[in-house]
Amino acid sequence: MPETQSKIAEVDPVWNRIVQEAEEAIQEEPLLGGLVHSTILHHGSLERALTYRMAMKLSSPEMSGQLLSEIAEEAYAKDPALGEAARADIVAVFERDPACLRYIQPLLFFKGFQAVQSYRVAHWLWKTGRRDLAYFLQMRISEQFGLDVHPAARIGRGIMIDHAHSIVIGETAVVGDNVSMLHSVTLGGTGKEEEDRHPKIGNGVLIGAGAKVLGNIKVGDCSRVAAGSVVLQDVPPCKTVAGVPARIVGEAGCSQPSLSMDHSFPSQGG
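Fair warning: this is a prediction, and the values are worked out from it, not measured in the lab.

Rules used in this analysis
Residues numbered from 1 in each chain as written. Predicted model: local features only at pLDDT ≥ 70, side-chain atom pairs only at ≥ 80, totals over all residues. Heavy atoms only, no water. Helix = DSSP H or I, 4+ residues; strand = E, 2+ residues; numbered from the N terminus. Rg over C-alpha atoms; globule rule 2.2 N^0.38 Å. Buried < 20%, exposed > 50% of the residue type's maximum accessible area, 1.4 Å probe, protein only. Contact = heavy atoms within 4.5 Å. Areas by Shrake-Rupley, 256 points an atom, 1.4 Å probe, with all protein chains shown as cover. Lys, Arg positive; Asp, Glu negative; His and termini not counted. Charge placed at Lys NZ, Arg CZ, Asp CG, Glu CD. Salt bridge = Lys/Arg side-chain N within 4 Å of Asp/Glu carboxyl O. Pairing = 2+ DSSP bridges. Polar contact = N/O pair within 3.5 Å; in protein donor to acceptor, adjacent residues only side chain to side chain. Core = buried A, V, L, I, M, F, W, Y, C linked by side-chain atoms within 4.5 Å.

Asker: I'd like to hear about the overall build of the protein, residue by residue, with values.
Answerer: A tally of regular secondary structure across the protein gives ten helices and 15 strands. Scaling as 2.2 N^0.38, a compact globule of 270 residues should have a C-alpha radius of gyration of about 18 Å, and the protein matches this with 19 Å. Overall, the protein is about 60 × 45 × 35 Å in size when its C-alpha atoms are taken along their principal axes. Counting the 270 residues in the protein, one finds 51% classified as buried. In the protein, of all internal contacts separated by at least 6 residues, the share reaching a separation of at least 24 is 47%. Counting only carbon and sulfur atoms, one obtains 53% of the accessible surface of the protein, whose full area is about 12400 Å². Counting 25 positive and 32 negative side-chain charges, the protein places the centres of these two groups 4 Å from one another.

Asker: Go over the pattern of salt bridges, please, and point to the residues and values.
Answerer: The final tally for this structure, using the stated rule, is 14 salt bridges. Among the salt bridges present, the one from Arg 87 reaches Glu 47, with a minimum N-O distance of 2.7 Å. Here Glu 47 lies in helix 4 (residues 46-58) and Arg 87 lies in helix 6 (residues 81-96), a separation of 40 residues in the sequence. Each of the two residues, Arg 87 as well as Glu 47, counts as buried. Across the pair Lys 78 and Glu 74 runs a salt bridge whose closest N-O atoms are separated by 3.0 Å.

Asker: Explain the sheet that holds strand 1 (residues 148-149) to me, and be specific about the residues and the numbers.
Answerer: With respect to topology, five strands assemble into an open sheet ordered 1-4-7-10-13, the strand pairing being parallel. Strand pairing shows two members of the sheet lacking a second neighbour, strand 1 and strand 13 (230-231), which therefore form its edges.

Asker: Tell me about the sheet that holds strand 11 (residues 218-219), and name the residues and values.
Answerer: Read from one edge of the open sheet, four strands run 2-5-8-11, paired in parallel fashion. With partners counted over all chains shown, the strands left at the sheet margins are strand 2 (154-155) and strand 11, one partner each. For strand 5 (residues 174-175) and strand 8 (residues 200-201), the ladder comprises two bridges, and the chain directions are parallel. The residue bridging Val 175 from the neighbouring strand is Ile 201, located in strand 8.

Asker: Explain the pairing of strand 15 (residues 247-251) to me, and be specific about the residues and the numbers.
Answerer: When strand 14 (residues 239-242) meets strand 15, the two strands line up antiparallel, connected through four bridges. Directly across from Val 241, in strand 15, lies its bridge partner Ile 248. The hairpin formed by strand 14 and strand 15 contains four residues between the paired strands, and Gly 243 there has a positive phi angle of roughly 110°.

Asker: Mind laying out the environment of Ala 85, listing which residues take part and the relevant values?
Answerer: Along the chain, the position of Ala 85 falls in helix 6. Residue Ala 85 is classed as buried on the basis of its relative accessible area, which comes to 7%. Taking the C-alpha atoms as reference, Ala 85 lies 21 Å from Ser 142; in sequence the two are 57 residues apart.

Asker: Could you give an account of the side chain of Arg 224, naming the residues involved and the relevant values?
Answerer: Tracing the sequence through the fold places Arg 224 in strand 12 (residues 224-225). One buried charged residue, Arg 224, remains without a salt bridge, the closest side chain of opposite sign being Asp 262 at 4.4 Å. For Arg 224, the side chain forms a polar contact with the main-chain oxygen of Ala 252, separated by 2.9 Å. For Arg 224, the side chain forms a polar contact with the main-chain oxygen of Asp 262, separated by 2.7 Å.

Asker: Explain the nonpolar core residue by residue, including any values.
Answerer: Counting residues in each nonpolar core, the largest one holds 69 residues, and the members touching the most others are Ile 18, Ile 169, Met 181, Leu 187, Ile 201 and Ile 207. Elements represented by at least two residues in this core include exactly helix 2 (13-28), helix 3 (33-41), helix 4, helix 5 (65-78), helix 6, helix 7 (104-108), helix 8 (111-127) and helix 9 (131-145). Counting residues per element, this core draws most heavily on helix 8, at nine residues. Apart from residues no more than four positions distant in its own chain, Met 181 is found in contact with Met 160, Ile 161, Asp 162, Ile 167, Ile 169, Leu 187 and Ile 207.

Shape descriptors only; they carry no functional weight alone.
Next up, the structure:
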């Protein structure tokens, strides 16, 4: 494990760019020097910076920052995929969110990114059998960031959750790679069944604000779910669905909707 972390540190363009941007940010706004130093420049890797940020955000009288730091440090040390996913998520936010102009912004300011990284640690705890601690992190993520993601849900890498308020992702939900979703999205169930009951979202899917995808259904790769839609049936790949209940209204409009972030419909004029 130390050898793997050393190799990442030697060639880590995402972290190197974050450090450079942090130094520039202090020059531009000295009043943020304490925050930038403590969150970024005092650390030697993105994993350490994420550990610190998570501890500061989620600590409470019930769980100290020191204990949270130890939990996150263990997770990143034992599962390098967590750090790799975080790097993919930062790049995803930078490339898809026009409000994100620097790599340091998700780490410092964006609750969607911070919540996803905290979820990833909770998911690692869930997989290793430490489920009560995973539930505790779920509770604190919900309280602090306004998202409720079950630690058993499986979420891929390259995830961008814009604005991030009121996101709900259920226990048996699966979210693929390179997915983008906006605020108030629900990936939920349709009743009290206890088995596999939540949606399976394919790779490259774009889910608009306020959309509800309910039940053990599949949303195919590179499809689009329009804002405010209620999806109750499978969605084929590369299609756009809209409405309540949602129906197919056309093609996805491009090969990678989650990357283009294009929510518009083709003109219906004659």
